Amino acid sequence: MRMLGLRFVGWRKRAAAEIDALLEGVLGPVATRWQIQCKNTPSSAVRLEDIAKEVGLVPITGATHLLFIANARFSSDAVEYARKVSKRAAVGIYLLDRDDFNALRKSPMSIARLLRVRAEEMLDSGRPEMYGR
């Protein structure tokens, strides 16, 4: 994320299997604050509850974006919940799974491409209709 021009704000280490970090900066013309959750749970899926817990912290952290990076898969419920929140709330949720994690290990600069793909997926899934359309 620092390669994208974001600066480190702080972090919170909570357990052996997870680390939270906050980064912020300007991407294009937009000020952003990223709440990042790293999950080290290769033998189990990231669950809806894991996503919901981080969504619940957004009013405290002031995040505009949530990024989950896991060396695991995401449960279908977690993916659906993240899609619904991203569609209805003013926060984008980016889920990078085991395959994405492995791609990042090989090429850290692939973060920009991966985030762009996820952003396009969010737009394709539809945001709330505006102005009565």
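The structure we're discussing is the one just above.
Scoring rules and cut-offs
- Residues numbered from 1 in each chain as written.
- Predicted model: local features only at pLDDT ≥ 70, side-chain atom pairs only at ≥ 80, totals over all residues.
- Heavy atoms only, no water.
- Helix = DSSP H or I, 4+ residues; strand = E, 2+ residues; numbered from the N terminus.
- Expected span 1.5 Å × (residues − 1).
- Contact = heavy atoms within 4.5 Å.
- Buried < 20%, exposed > 50% of the residue type's maximum accessible area, 1.4 Å probe, protein only.
- Pairing = 2+ DSSP bridges.
- Right-handed = clockwise from strand over helix to strand, strands pointing away.
- Salt bridge = Lys/Arg side-chain N within 4 Å of Asp/Glu carboxyl O.
- Arc of directions from axis to C-beta.
- Axes fitted to C-alpha atoms, helices over the stretch in contact; angles between N-to-C directions.
- Parallel < 35°, antiparallel > 145°, perpendicular 65-115°, else oblique.
- Nonpolar A, V, L, I, M, F, W, Y, C, P; charged D, E, K, R; others polar.

Novice: Describe helix 4 (residues 110-125), and please don't skip the residues or the numbers.
Specialist: Note that an α-helix has 3.6 residues per turn; residues three or four places apart therefore point the same way. The end-to-end C-alpha distance of helix 4, which contains 16 residues, comes to 23 Å, matching closely the 22 Å that a straight helix rising 1.5 Å per residue would cover. Contacts made by the buried residues of helix 4 are with strand 3 (30-39), strand 4 (65-70), helix 2 (76-88), strand 5 (92-96) and helix 3 (98-106).

Novice: Run through the pairing of strand 5, naming residues and quoting values.
Specialist: Working note: regular strand, side chains alternate between the two faces of the sheet. Counting buried positions along strand 5 gives five out of five residues, so the element sits mostly inside the fold. Neither face of strand 5 is left uncovered, since the one carrying G92, Y94 and L96 and the one carrying I93 and L95 both have all their residues buried. Across five bridges, the pairing between strand 4 and strand 5 is parallel. Paired with I69 across the strands is L96, a residue of strand 5. Handedness of the crossover joining strand 4 and strand 5 through helix 2 is recorded here as right-handed.

Novice: Just give me the short version of the pattern of salt bridges, but keep the residues and values in it.
Specialist: Any two side chains of opposite charge can pair, on the condition that their charged atoms come close. Considering all chains together, one arrives at nine salt bridges under this definition. Residue R47 pairs with D50 through a salt bridge whose shortest N-O separation is 3.4 Å. Here R47 falls in the partly exposed class, since its relative accessible area comes to 45%. A residue is classified by how much of its surface remains accessible, and D50, at 10% relative accessible area, is buried. One salt bridge connects D100 with R118, and the closest N-O pair in it is separated by 2.5 Å. Here the residue D100 occupies a position in helix 3, and R118 occupies one in helix 4, the gap between them amounting to 18 residues. A network of salt bridges, in which partner residues are shared, links K39, R47, E49 and D50.

Novice: Outline helix 2, supporting the account with residue identities and numerical values.
Specialist: The end-to-end C-alpha distance of helix 2, which contains 13 residues, comes to 18 Å, matching closely the 18 Å that a straight helix rising 1.5 Å per residue would cover. Among the residues of helix 2, those classed as buried are A78, A82, V85 and S86. End-on view of helix 2: buried residues confined to an arc of 100°, all on one side of the axis. Of the residues in helix 2, the exposed ones pointing more than 90 degrees away from the buried face are S76, D77 and R88. Tucked inside the fold, the buried residues of helix 2 contact helix 1 (48-61), strand 5 and helix 4.

Novice: Report on the packing of helix 3 against helix 4, specifying residues and quantitative values.
Specialist: Across the interface, helix 3 lies against helix 4 with an axial gap of 9 Å and an inter-helix angle of 155°. When the axes of helix 3 and helix 4 are compared, the pair comes out roughly antiparallel. Note on element contacts: helix 4 touches helix 3 through S110, I111, L114 and R118, opposite D100, A103 and L104. Class assignment for the residues of the contact of helix 3 with helix 4 results in four nonpolar, one polar and two charged.

Novice: Quick rundown of the environment of V79? Include the residues and the values.
Specialist: By secondary structure assignment, the location of V79 is in helix 2. On the accessibility criterion, V79 (39% relative accessible area) is partly exposed. On a C-alpha basis, the gap between V79 and I93 in space is 9.6 Å, while along the polypeptide they are 14 residues apart. Apart from the residues lying within four places of it in its own chain, the contact partners of V79 are F74 and L95.

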